[in-house]
Structure formats: structure tokens, C-alpha cells
Amino acid sequence: MKHDDASEPPAADAAPSADGRSSRWARHRAQRRIELIRTARGAVDELGAQASMDEIASACKTSKSVYYRYFGDKAGLQRAVGEYTVTRMRDRLEGAARAAGSFEDSVEAMVAEYLLSIERSASVYRFVVALAPDAGRGRHDRHRAERARGERKEEAGAGDGGERWLIQEFAESVSGLLAEAHVRHTPAARRLEEPVLSYWAASTIGMVRGAGEAWMNTPEGTPRPSRERMTELIVGWAVDGLRPPGAPVPEQPPA
């Protein structure tokens, strides 16, 4: 069914004054916004990360003006799709990590879920990563675990402050999950202390993200490991060290 401006609720400043009716409009707008995000995500998945607003609107059987009404511009739509996407990715990674019985299993579960996510929706991932940073977004406004659990305001419209390097915020929140797994599964005498724990978690997540994106972007026609094999490789690098498989181990100096 095609939607146009006539079917959309009025702007906030034109909303009816009655509280009950205003609340219904607000709920309608919030639901419509989520619907637009989901359909746009599906369109990007089908059309590719470089899809234009015209192409997205056409694929979603609505008008481009509706997307501008809710998101302001393409960057606003990217931010909305990005928040929707990375929040759900993080929630899946958190669930996988918490269900694991050991540190190694936690890392493996998180890596496997991450690779599965980017393989299933590579175009959406690229669409989100391509978002330019918002210079006005401070560190204290960044994506937080509690916001990922649904405490953010989904109904907020365009112009409410964009995500600053959304994918970096995602990486930072996942590094927190990794640090939690280390603490949860490591005896107190062997745990890394802050700030070294944060350094280690950030470097490990940076490696996982870099390896995953390189794997995802392997040129067509070039052989690449299966997702399962890539998971094994990345987990090995993360848990046992970054030395390439088969590389000689340096001799230890005499005591």
C-alpha cells in the first residue's frame, strides 16, 4: 500500500491540543517511524549501500517526502537505520556472550554472531558505516548498554542529534561486553586491572572488527574462508595471540 503525505499525521506543532488525541498521534508517529526504518533497511539490503532516497522510497512504496518528514535527510535515515541495526546486533552479541560457559566460548559466540550479522546484511552494515560523524555529539551522549536495552527514545525525530561514529560506539559497547566476560570467567588473581583491561578489550574488538570487515569485503571471485572457519581464525587470534598460524614462535631469552 502506498503512503503519501496526506496519510501522515500532522507535525508536532500542528498536533491536536487534546491530550488523548495528541498521545495517539505521538504513538502513531513512533510506530510509523519504526515501520519506515524497517522497510528502508530491507530496501538497502536489496538495493545496496549506495541506494538513494528516491530508490529507497520507491522500493518501500512510499514517497521520498515522507522519509524527509521523519528523518530530515539521508544522513538522518542512516542514523535511524544504524541505531536500529547496531542496537539489535549488540543485544544478540550480549545474549550469546552471557549464555557461554567459559571465556573462550564467550569470544567464540560473539565473533560468530558478529560475522553472521554482517554476512546476512552486508549492504546495511556498509550503509551504516558510511554515515559521516556528527561533530556535535559528545562522548557522554554515546550509545550505552542501557540504551541498547530499549531505554532510548525510538520516537525521537530528525534533528534530535545524530550518532557520532555510530559503528565506533557499537565497537566500544561490545568491548565492554568482552571485558565483562574476562572478569566473569577469570580468577581474581589473573584478571587484568583497569585501565589495561579497557586497552586490551578495545584492541581485541578492533582486531575482530577489522578482520570481519576485511572478510566481508573480499572481492568477488576471490576465495575466502567460510564463516565457520573465519570464526575459528579470529577466535584463535583473540584468545591465543595474533601470530599467524604456522609462524615460528620466537625463542625466549635465557632466564
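The rules behind these values
Residues numbered from 1 in each chain as written. Predicted model: local features only at pLDDT ≥ 70, side-chain atom pairs only at ≥ 80, totals over all residues. Heavy atoms only, no water. Phe/Tyr/Trp six-rings, centres within 6.5 Å; stacked < 30°, edge-to-face > 60°. Buried < 20%, exposed > 50% of the residue type's maximum accessible area, 1.4 Å probe, protein only. Helix = DSSP H or I, 4+ residues; strand = E, 2+ residues; numbered from the N terminus. Lys NZ or Arg CZ within 6 Å of the ring centre and 35° of its normal. Axes fitted to C-alpha atoms, helices over the stretch in contact; angles between N-to-C directions. Parallel < 35°, antiparallel > 145°, perpendicular 65-115°, else oblique. Left-handed = near helix turned anticlockwise from the far one by under 90°. Contact = heavy atoms within 4.5 Å. Nonpolar A, V, L, I, M, F, W, Y, C, P; charged D, E, K, R; others polar. Core = buried A, V, L, I, M, F, W, Y, C linked by side-chain atoms within 4.5 Å. Expected span 1.5 Å × (residues − 1). Salt bridge = Lys/Arg side-chain N within 4 Å of Asp/Glu carboxyl O.

J.: Describe the packing of aromatic side chains, naming the residues involved and giving the relevant values.
T.: One pass over the full model with this rule turns up four aromatic pairs. When the ring of Tyr70 is compared with that of Phe71, the centres are 6.4 Å apart and the planes differ by 45°; the resulting orientation is tilted. Like Tyr70, the residue Phe71 is buried in the burial classification. Arranged with centres 5.9 Å apart and planes meeting at 40°, the rings of Phe103 and Trp200 form a pair that is tilted. Residue Phe103 is found in helix 5 (residues 103–120), and its partner Trp200 is found in helix 9 (residues 196–216); the two are separated by 97 residues along the sequence. One aromatic cluster is present, formed by Tyr67, Tyr70 and Phe71 through successive ring pairs. Note that Arg88 overlies the ring of Tyr84, its terminal NZ or CZ placed 3.7 Å from the centroid. The ring of Trp215 is capped by Arg224, whose NZ or CZ atom sits 4.0 Å from the centre of that ring.

J.: Which residues make up the packing of helix 5 against helix 10 (residues 227–240), and what values do they have?
T.: Between helix 5 and helix 10, the least distance of the axes is 9 Å, while the angle of their chain directions is 135°. Judged by the inter-axis angle, helix 5 sits oblique to helix 10. As helix 5 packs across helix 10, the resulting crossing turns out to be right-handed. In this structure, helix 5 contributes Phe103, Glu104, Val107, Glu108, Val111, Ala112, Leu115, Leu116 and Glu119 to the contact, and helix 10 contributes Arg227, Met230, Thr231, Ile234, Val235, Ala238 and Val239. When grouped by side-chain class, the residues that make up the contact of helix 5 with helix 10 number 11 nonpolar, one polar and four charged.

J.: Can you break down the nonpolar core residue by residue, with the values?
T.: Ranked by size, the top nonpolar core spans 58 residues in total, and within it Ile56, Tyr67 and Tyr114 carry the most contacts. If you tally residues by element for this core, the top one is helix 8 (residues 166–185), at nine residues. Leave out the neighbours within four places in its chain, and Tyr67 touches Leu36, Thr39, Ala40, Met53, Ile56, Ala57, Cys60, Thr62, Gly72 and Leu77.

J.: For helix 10, give the residues involved together with the corresponding values.
T.: An α-helical segment advances 3.6 residues per turn. Residues three or four places apart therefore align on the same side. Between its first and last C-alpha, helix 10 extends 19 Å over 14 residues, near the 20 Å set by a 1.5 Å rise per residue. Restricting attention to buried positions, one finds in helix 10 the residues Met230, Thr231, Leu233, Ile234, Val235 and Ala238. Buried residues belonging to helix 10 abut helix 5 and helix 9.

J.: Mind laying out the pattern of salt bridges, listing which residues take part and the relevant values?
T.: Oppositely charged side chains are able to pair whenever their charged atoms sit close together. Taken as a whole and judged by the stated rule, the model has 11 salt bridges. Glu228 is the partner of Arg227 in a salt bridge, and the nearest nitrogen-oxygen pair spans 3.6 Å. Judged by relative accessible area, which is 47%, Glu228 ranks as partly exposed. One continuous salt-bridge network, built from bridges that share partners, spans Arg90, Glu94, Arg98 and Glu180.

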